[in-house]
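# A structural walkthrough
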Amino acid sequence: MVNEGPSQEECDDTPAPSYDAVQGDASVSARPSVSIHPSVSAHPSSSAHPSSSAHPSTLAQPSGLVQPSSLGPEELSVIKVSRRRWAVVLVFSCYSMCNAFQWIQYGAINNIFMSFYGVSSFAIDWLSMCYMLTYIVLLLPVAWLLEKYGLRTIALTGSALNCLGAWVKLGSLKPHLFPVTVLGQVICSMAQVFILGMPSRIASVWFGANEVSTACSLAVFGNQLGIAIGFLVPPVLVPNVSDQDKLAYHISLMFYIIGGVATLLFILVIIVFKEKPKHPPSRAQSLSYALASPDASYLSSIVRLFKNLNFVLLVIAYGLNAGAFYALSTLLNRMVILHYPGEEVNAGRIGLTIVVAGMFGAMISGIWLDKSKTYKETTLVVYVMTLVGLVVYTLTLNLGHLWVVFVTAGTLGFFMTGYLPLGFEFAVELTYPESEGMSSGLLNVSAQVFGIIFTISQGQIIDNYGTMPGNIFLCVFLTLGLALTAFIKADLRRQKANKEIPEIKAQEEEEDSNTSKAPTITSEVRL
């Protein structure tokens, strides 16, 4: 039983299914120190015998170094969703959007920045690829910080670096100051490391079992929206003019706007972002808290992930798909200008079409997953359609009709960009109760590695042989990713954790101002 007074802190939570305790044959208790009787997987590839018991410290730990000791037995026994959850995911989505804009703002007007700074197209491409390289280098340290210090610290650091990088770029408004713009972009790329692995973690920590996929899609939505705006706005704010002073003015206008937005979002993160809600939002998250141990090995968690064959296959398949998207986004301006000279603005609009269509794809797939839980089937279908979309886009790019390119690029974007949140959620399902930040981080590392390889390789192929061979190059690797996806076994561990205890519909009751009584469920939990 949990007494809930009408304090301000309690008013932050919206009642969802509430449980006094999870009991049954001394199976599971909310207390982390109580032994667990049923079959709980101690290793991604093995499980304990149902008749054995395991102390939480011997189990696969969901959150590495963090012990949610701030949540006592009473808090762990109550399942509630917080009203603040929507504000948290919205603010995260916004500063992720700002960071993604800064990633693509140079590539969207590649030829204009080449002219202003007097550098090669490859140098401008590296302003995009530095995001990918920085992520690969810093993932493990940042993932460790996420496990040790939690969501709020990571959110503050990421938004602060994003803000700092935006203002540093204002010092690069002379043609000879290209190194300063590189510095600003590297700082923004460091911020990205604190952002990309967060969507699935925020969804798990803040949202209920029937909301996690939608919440993850919303969190990824911001990043995609930022890329879309990054394609659309720079060609409008920075026209292709020959006067260097006018060009510097237009570039400064863009930099000032993004600096102001980044500052506002940093302030909002300080105000809105909390570490975690007072009560766990789902049974899986409650059990994840209960199993957490301060003595859990961070490296052993990584080892367990790499011993999970299904997850390894997903890491490679996700990297091939997302890497292809990064390469297409970075090189889109160059490909369009090659076939349609002087169409910088329309090149940006085509990029916008790709990402906006992908945002709808991501939202639809997230809602579908929450309803159907068909992770493997949905991922496979989206991958097939991504490959088909890229083939059609490749065959129509050089026909001489821009409207055709808009249609085929939008179709490609709907599936290719819509795949990104699918990968995050599928990974969490395959690796529960391991850290969501770690599984998402490894997916993103794979994406960055393949993104760098594909961007450099496709750029060289386009320069020497044209756009069609370059896109065929990507089609070959997407075919490989599709084959790997087909071999993934749908071992949905988080769903098993949530379904073992019968679903109870959320209730809101008129209660005394002093106490509230939550329904008690007796059941045995098997993971």
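## Structural notes on the packing of aromatic side chains
With the rule as written, the count across this model stands at 20 aromatic pairs. Note on F92 and Y95: the rings are 5.3 Å apart at their centroids and 80 degrees apart in plane angle, and the pair reads as edge-to-face. Taken together, the residues F92 and Y95, both in helix α2 (residues 85-104) and 3 residues apart, mark about one turn of the helix. A relative accessible area of 1% places Y95 in the buried class. Measuring from centroid to centroid gives 5.2 Å for Y383 and Y419, while their planes differ by 75 degrees, and the two rings are edge-to-face. Residue Y383 is found in helix α13 (residues 375-396), and its partner Y419 is found in helix α15 (residues 419-431); the two are separated by 36 residues along the sequence. With relative accessibility at 0%, the residue Y383 sits in the buried group. With a relative accessible area of 0%, Y419 lands in the buried category. Among the aromatic residues, those joined into a cluster by ring pairs are Y106, F113, F116, Y117, F178 and F255. For the cation-ring pair, K148 lies above Y149, with the distance from its terminal atom to the ring centre recorded as 5.8 Å.

## Section: empty space enclosed by the protein
Under the counting rule described, the total for this entry stands at 8 cavities of 30 Å³ or more. When its volume is computed, the largest cavity comes out at roughly 220 Å³. Together, 22 residues line the largest cavity, and Q192, L196, N223, I227 and Y326 are the ones closest to its centre. The set of elements that each furnish at least two residues to the lining of the largest cavity consists of α2, α4 (121-168), α7 (212-237), α11 (309-339), α15 and α16 (436-465). In terms of residue count, α2 provides more of the lining of the largest cavity than any other element does, 5 residues in total.

## Notes on the pattern of salt bridges
Under the criterion given, the structure shown has 2 salt bridges. R334 serves as the salt-bridge partner of D125, at 2.3 Å between the closest nitrogen and oxygen. Residue D125 is found in helix α4, and its partner R334 is found in helix α11; the two are separated by 209 residues along the sequence. Of the two residues examined, D125 and R334, each falls in the buried class. A salt bridge links D463 to R334, with the nearest nitrogen and oxygen atoms 3.2 Å apart. Residue D463 is found in helix α16, and its partner R334 is found in helix α11; the two are separated by 129 residues along the sequence. Linked through salt bridges whose partners overlap, the residues forming this network are D125, R334 and D463.

## A look at a nonpolar patch on the surface
Taken together, the side chains of L264, I267, L268, I270 and I271 define a hydrophobic patch exposed on the protein surface, amounting to about 440 Å² of accessible area. Along the chain, L268 falls in helix α8 (residues 244-272). Take L268: its relative accessible area is 31%, and that puts it in the partly exposed class.

## Concerning the nonpolar core
By size, the foremost hydrophobic cluster in this structure holds 134 residues, and its most contacted members are Y95, M198, I202, F273 and Y393. If we skip the residues at most four places from it in the chain, Y393 touches L328, L332, M335, V405, T408, A409, L412 and N471.

Thresholds, definitions, all that
- Residues numbered from 1 in each chain as written.
- Predicted model: local features only at pLDDT ≥ 70, side-chain atom pairs only at ≥ 80, totals over all residues.
- Heavy atoms only, no water.
- Phe/Tyr/Trp six-rings, centres within 6.5 Å; stacked < 30°, edge-to-face > 60°.
- Helix = DSSP H or I, 4+ residues; strand = E, 2+ residues; numbered from the N terminus.
- Buried < 20%, exposed > 50% of the residue type's maximum accessible area, 1.4 Å probe, protein only.
- Lys NZ or Arg CZ within 6 Å of the ring centre and 35° of its normal.
- 1 Å grid on protein atoms, 1.4 Å probe; cavity = no way out; pocket = protein on both sides within 12 Å on 5 of 7 lines; lining within 4 Å.
- Points joined across faces, edges and corners; volume = space filled by probe spheres on them.
- Salt bridge = Lys/Arg side-chain N within 4 Å of Asp/Glu carboxyl O.
- Patch = residues over 30% accessible without salt bridge, like charges linked within 9 Å, V, L, I, M, F, W, Y side chains within 5 Å.
- Areas by Shrake-Rupley, 256 points an atom, 1.4 Å probe, with all protein chains shown as cover.
- Core = buried A, V, L, I, M, F, W, Y, C linked by side-chain atoms within 4.5 Å.
- Contact = heavy atoms within 4.5 Å.

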